[in-house]
Amino acid sequence: MQFSFQRLRALLYKEIVQILRDRRTLLLFFLLPLIELFLFAYAVSLTVSHLPTAVVDQSLDSRSRDFIHALANSGNFDITLDLQNQEQVLKAIDNGTVKAGIVIPPDFAGKVLRGEGSVLILLDGSDSFSVESGYSAASSIAQKYSLELTAQSVQAGGAASTSATSGGLPIATITRVLYNPDIKDLVFILPGLIALIMQIIVVTHSALSLVREREAGTLEQLLATPARPFEMIIAKLVPGMLVAMLDMSIILVIGIFWFQVPFQGSIGLLAVLSILFIISGMGLGLVISAVTKSQRQAQQLTSVIQMLAMLLTGFLYPRTTMPLWTQLIGDLIPLTYFVRIIRGIMTKGVSLSFLWTDTLTLVVYAGIVLVVAAALSKKRLD
Amino acid sequence: MTTTNEIAISAQGLVKRFKGRGGAVTVLEDITLEVKRGETFGLIGPDGAGKSTTTRVILGLLRRDGGRSSVLGHDSMRDVYMIRAESGYIAQQFALPADLTVMENMRFFADLHGIPAKRQKGRIAELLKFAGLTEFTSRPAGRLSGGMKKKLALACSLIHEPQVVLLDEPTLGVDPVSRREFWNLLGNLRAERGLTIFVCTPYMDEAERCNQVGLIYKGRLIARDTPAGIKKMVPGRLLEFKPAQFETARKIVAGLTGVLQVQTYGAMLHPFVDDLELRRKEIEQALTAQGITWSGMRAIQPRMEEAFINLVTRQEEAENG
Amino acid sequence: MLQRILAIIQKEFSQALRDRVTLGIMLSMPLLQLILFGYAINTNVRNIETVVADQSQDQASRDYLNAMVNSGYFDIVETAADQAGVIRSIDAGQARVGIVIPPDFAAHVQRGDAQTLVLVDGSDFFTSQSANAYATIIGQEYAIQIVMNRIAGTGATANTLPALNALVRVLYNPDMKDLWFIIPGMAAMLLQTQSLILTAAAVVREREAGTIEQILVTPIRPIELMFGKIVPYVFIAMLNMLTVIAIGVFWFGVPFQGSFWLFIGLSLLYVFSGLGLGLLVSSISQNQRQAQQLIMLFMMVSLLLGGFIFPRYTMPPVVRAIGNLFPMTYFVPISRGIITKGIGFSVLTSQVLSLAVYILIVMLLAALTFRKRLD
């Protein structure tokens, strides 16, 4: 198959001009990711704290007030309402005014000392995030409070063993979150978000531009020229690649300098691996364009795949908890591997030696894509 | 015996099938034609008869399922790139990149055909002048008028000085003045360079001006001859008149012996008769007997349009028994 | 008038049904999501791969580790020599959590100053959240157990010891099943997406194909045209949503606590918001592609800000205000309220009112721009 740089250049020029002159699409390609970025940064909160909470304190003694303070100080509960009884709390949760309720029965102090203390914590079960963080927080705080009381009373009782009474637990379990010690949401999300956005752009662009050309009839006109199909495909894919890389750079820069998301590893490595990822994303776009008949269908199929990508590739939800069949589906999407790669480089700061299995998979993917592209390169309309 | 050098386009027993829902559909069957260099060949036929498909198969844009076809001696399936280099094409649904300006479009196609930069300048200027687009070089192709778009398409298809151009309904939807200009351009090229033209057209006046005309109906060529030859295929002679009561007159005339076919043309009736003088008198008598007046009764030469309708309806009748 | 409207409705229906691919995708997407959330996605992570550096190797350290493992949250997959080794394992992705027990653990425990270090992979949110929370809890429990044992040893009986029992009751969804959270939100998302997309597609498609002109020259009034176009899509969207809910309720056992008819009524109201927006979008866009991109943008923002996935009360006020521009923000509490909480109309009045006002505004805008484009 002959190959001509002059022809390739001409085709590339046409593609780039077409992209640049389509102002609205261009705007969206750059605006959308930025909007997503800012939304995720400011709106999204994975670690939920400050649950609006209603309190019913039917004891009103120092012990009950201590306990309520312990809950409030943990940061997990924001006491916003003071109510009289359980009924009122239920109503408040029903109409959404609060997400949690604490009900302390009368004679708290006395009961606790006698070993019969109890407190009722009600959580709004219609809201998943609140529930999960509220649940473990509540249990843990109550447990700790109980233990402190125990320690104090034993100490007051003068037991001999000092180790049991040194005011705290004999074992302190210190947890440290690696790479993201302040547990900033954006550090979790940004790498995966970048990968997701890149995939969306690449797949959408490559699928749509091919379908659009076929629809408009310009494809036939081009096929009647000496342009080789392979040249045509490369010319279609390269600009999309550039747009994606540009987008990625913009988001990275904003993420790092504005939001102060750390970038621990090597940028060069990320750039190279991104290109691999982009090629595999394009393959997906090519396949979509081959099986759909109109722009609208192409866009819809793309959105289905994006949804699957968001849910199954480990971007948001953990893959380890998924059943095997779901994991297999996720294994088919190149994003899964790239999410690991970009997290590895950005957040963990590891080198290629740790990432080589994922990289290899992407190489295989890209290879398959190029083969398929060559196969799909038809010199005819049918 | 024409040597192969002199044959620009050739098709023998061409077959094309499409895969449909209920199985394979044969859209072209046994298409045979030959276009000599410098000739103009017009392919006419009803909508969906297979004109575009024929053109595409010959060019190698669709897979050929049977028979042989070639352009300038290059086989449509094997030597596709040779065909690309030496022929020009305007697709029916032609669309040039709308966001590119006229000049950018010309350069684009020039580059695709591998014309060196030095030569491009002169050639493009020449073609723009030829097509009357010199003032519009910086206008996006999408914002040209219909006629100008077609001329631009023609210019782009000629940029590499091909010896053959295949045009699929190139003047569809274009105003008569622009149409005429378009054909004048082509005519000049033919005269100066011996350009071979293969055109699918729904316009009968364009068919009249071709050296050879092929009439395709449901995937088969039911006639292939010079325009005069095709018109001679129509049995009988042609009369024309304008009756006062159209429907009644039509029924009467159609029922007379010796009237082979009656066509309508606006307010006129065109009966085909086997004997001009005899049947003319009989028609006039029949009309008078019914009290129908008429005007402008005369014998006319059948044009391509009448021939076309006649041949197609006869074919339909033959097929429906 | 009715005849004309019916004619339009019939045409829209047949056009919609013929577009098999779109229909197929519209129907299968929610089902896919249902299946995924019902069977595949689980945010409570267990059996987290753990690497351990036990530098004491005595009974106390082994007991501690056993406590961790027995909880079901941690699976020891590797051992390392020291903290650096643990970090390397986590770096390599072979483990997500590392536990480091320093030397002389037993002795330290006796003295009451033992420490263990739990390192959590911070690049993966849900894993680190689970690991963090449960490591703390289990470690704490284990320590408490030791204290209790010792106290028992000193003769103080358990009965006289202070104890605080926290009864945590999760209302509406005691088992904290993910699907129960998702379905009401999905209903909201689905109704909005479909009414929006289908409407916009229908209008723009028509305008592009030029058929709208053809229809306009008939005696039909613009308002009848609008209405006739809308009805089939209301139907399709509602049907789809009900299918999803039916599957959720009858197959997955998600409870439907409140009044079904109230839900249907309010859903219909809500659908009109999507339809109005669809009309608005199609008036603004010049072709299908633009319409789709606008819709995509809209869906994404409303998804994130609507309170479906991420809670609204944690958002800064500015962002929350932006969320008020989307109808889903008003419907999610309604949907959740009726399906999961089982509350009635009286509690929902403010949301319903807001939704109604919203729809009025959108419809007004749509009618104004729609008419302008037509003539």
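Thresholds applied
Residues numbered from 1 in each chain as written. Chains lettered and ligands numbered in written order. Predicted model: local features only at pLDDT ≥ 70, side-chain atom pairs only at ≥ 80, totals over all residues. Heavy atoms only, no water. Helix = DSSP H or I, 4+ residues; strand = E, 2+ residues; numbered from the N terminus. Rg over C-alpha atoms; globule rule 2.2 N^0.38 Å. Buried < 20%, exposed > 50% of the residue type's maximum accessible area, 1.4 Å probe, protein only. Areas by Shrake-Rupley, 256 points an atom, 1.4 Å probe, with all protein chains shown as cover. Lys, Arg positive; Asp, Glu negative; His and termini not counted. Charge placed at Lys NZ, Arg CZ, Asp CG, Glu CD. Contact = heavy atoms within 4.5 Å. Salt bridge = Lys/Arg side-chain N within 4 Å of Asp/Glu carboxyl O. Polar contact = N/O pair within 3.5 Å; in protein donor to acceptor, adjacent residues only side chain to side chain. Nonpolar A, V, L, I, M, F, W, Y, C, P; charged D, E, K, R; others polar. Pairing = 2+ DSSP bridges. Core = buried A, V, L, I, M, F, W, Y, C linked by side-chain atoms within 4.5 Å. pLDDT = per-residue confidence, 0-100. Patch = residues over 30% accessible without salt bridge, like charges linked within 9 Å, V, L, I, M, F, W, Y side chains within 5 Å. Buried area = accessible area lost by both parts, 1.4 Å probe. Axes fitted to C-alpha atoms, helices over the stretch in contact; angles between N-to-C directions.

A. Spotlight on the overall build of chain A. Summing up its helical and strand segments, chain A has 14 helices and 5 strands in all. Its C-alpha radius of gyration of 29 Å places chain A more than 25% over the 21 Å reference for a compact globule of 382 residues. When its C-alpha atoms are laid out on the principal axes, chain A stretches across 95 × 45 × 40 Å. Evaluated residue by residue, chain A yields a buried proportion of 60% over its 382 residues. As displayed, chain A offers around 14,800 Å² of accessible surface, 64% of which is attributable to carbon and sulfur atoms. Between the centroid of the 28 positive side chains of chain A and the centroid of its 26 negative side chains there is a distance of 14 Å.

B. Layout of the interface of chain B and chain A. Contacts between chain B and chain A engage 33 residues on the former and 28 residues on the latter. Connecting chain B to chain A are 2 salt bridges. The salt bridge partner of Arg56(B) is Glu220(A), with a shortest N-O separation of 2.5 Å. Across the chain B-chain A interface, the total number found is 10 residue pairs in polar contact (both at pLDDT 80 or more). Listing elements by their share of the side of chain B that touches chain A, those giving two or more residues are β1 (7–20), α2 (80–86), β6 (87–90) and α3 (102–112) of chain B. Of all the elements, α3(B) adds the most residues to the side of chain B that touches chain A, at 5 residues. Of the residues belonging to the side of chain B that touches chain A, the class tally is 20 nonpolar, 6 polar and 7 charged.

C. Representation of the sheet that holds strand β5 (residues 74–75) of chain B. Residue and element names in this part refer to chain B. Here we have 4 strands laid out as an open sheet, ordered β2-β1-β4-β5, and antiparallel in their pairing. Either end of the sheet is taken by a strand with one partner, and the two such strands are β2 (23–36) and β5. With 5 bridges connecting them, β1 and strand β4 (residues 66–71) associate as antiparallel partners. Bridge pairing in β4 places Ser 10 opposite Ser 70.

D. Main features of the pattern of salt bridges. Residues and elements named next belong to chain B. In the structure shown here, the tally under the stated rule is 31 salt bridges over all chains. The shortest N-O distance in the salt bridge between Arg 64 and Asp 75 comes to 3.3 Å. In this pair, Arg 64 sits in the loop between α1 (51–59) and β4 while Asp 75 sits in strand β5, placing the two residues 11 residues apart along the sequence. Pair check on accessibility: Arg 64 and Asp 75 agree, each one buried. Across the pair Glu 319 and Lys 218 runs a salt bridge, and its minimum N-O distance is 3.4 Å. Separated by 101 residues along the polypeptide, Glu 319 in helix α11 (residues 304–320) and Lys 218 in the loop between β9 (212–217) and β10 (220–225) bring together distant segments of the chain. Among the charged side chains, a salt-bridge network with shared partners connects Arg 119, Arg 123, Glu 126, Glu 161 and Arg 193.

E. Region of the structure containing the side chain of Arg56(B). For Arg56(B), the location among the structural elements is in helix α1. Among the residues examined, Arg56(B) registers a relative accessible area of 19% and is labelled buried. Residue contacts for Arg56(B): discarding those within four places in its chain leaves Glu220(A), Leu381(A), Leu61(B), Leu62(B) and Tyr89(B).

F. The arrangement of the nonpolar core in detail. Within the largest apolar cluster, 174 residues are counted, with the highest numbers of intra-cluster contacts made by Ile171(A), Ile194(A), Phe74(C) and Phe331(C). Tallying contributions element by element places helix α7 (residues 178–209) of chain C first for this core, with 16 residues. Residues contacting Phe331(C), with those up to four places away along its chain left out, are Ala188(C), Leu191(C), Phe263(C), Leu266(C), Ser267(C), Tyr270(C) and Leu355(C). With 92 residues, the next largest nonpolar core counts Leu33(B), Ala141(B), Trp183(B) and Val213(B) among its residues.

G. Quick look at the confidence of the model for chain C. All names here are of chain C. When pLDDT is averaged along chain C, the result is 80, and 89% of the positions lie at 70 or above. The secondary-structure element of chain C with the lowest mean pLDDT is helix α8 (residues 211–216), recorded at 66, while strand β1 (residues 48–54) shows the highest, at 92. Confidence metrics for the complex model read pTM 0.76 and ipTM 0.76.

H. Local environment of the arrangement of the chains. In this assembly, 2 pairs of chains are in contact, and the pair contributing the most contacts is chains A and C. Structurally, chain B and chain C remain out of contact, their C-alpha atoms never closer than 15 Å.

I. Structural view of a positive patch on the surface. A cluster of basic residues, Arg214(A), Lys378(A), Lys19(B) and Arg63(B), forms a positive patch on the protein surface. Relative to the helices and strands, Lys378(A) resides in the segment after α14 (352–376). Lys378(A) sits in the partly exposed class, given a relative accessible area of 45%.

J. Expanded view of the interface of chain C and chain A. Residue-level contacts link 111 residues of chain C with 111 residues of chain A. Of the roughly 10,100 Å² buried at the junction of chain C and chain A (both faces included), carbon and sulfur atoms supply 66%. Put simply, Asp124(A) and Lys341(C) hold a salt bridge, and the shortest N to O gap is 3.5 Å. Applying the counting rule to chain C against chain A returns 7 residue pairs in polar contact (both at pLDDT 80 or more). With 22 residues, the top contributor of residues to the side of chain C that touches chain A is helix α6 (residues 125–154) of chain C. The class makeup of the residues in the side of chain C that touches chain A is 63 nonpolar, 32 polar and 16 charged. Where strand β5 (residues 171–178) of chain A lies against strand β4 (residues 114–121) of chain C, 8 bridges are found, and the strand directions are parallel. Bridge pairing in β4(C) places Leu178(A) opposite Asp121(C).

K. Fine view of the sheet that holds strand β2 (residues 74–79) of chain C. Read from one edge of the open sheet, 5 strands run β5(A)-β4(C)-β3(C)-β1(C)-β2(C), paired in mixed fashion. Edge positions in the sheet fall to β5 of chain A together with β2 of chain C, since each of these pairs with one other strand and no more. Strand-to-strand twist in this sheet, taken as the mean axis angle between neighbours without regard to direction, amounts to 30 degrees. Of the pairings in the sheet, the one linking β1(C) to strand β3 (residues 97–101) of chain C comprises 5 bridges and is parallel in character. By the bridge assignment for β3(C), Thr50(C) is matched with Val97(C). The sheet contacts of helix α4 (residues 83–92) of chain C involve β5 of chain A together with β1, β2, β3 and β4 of chain C, and relative to β4(C) the element is tilted by about 20 degrees.

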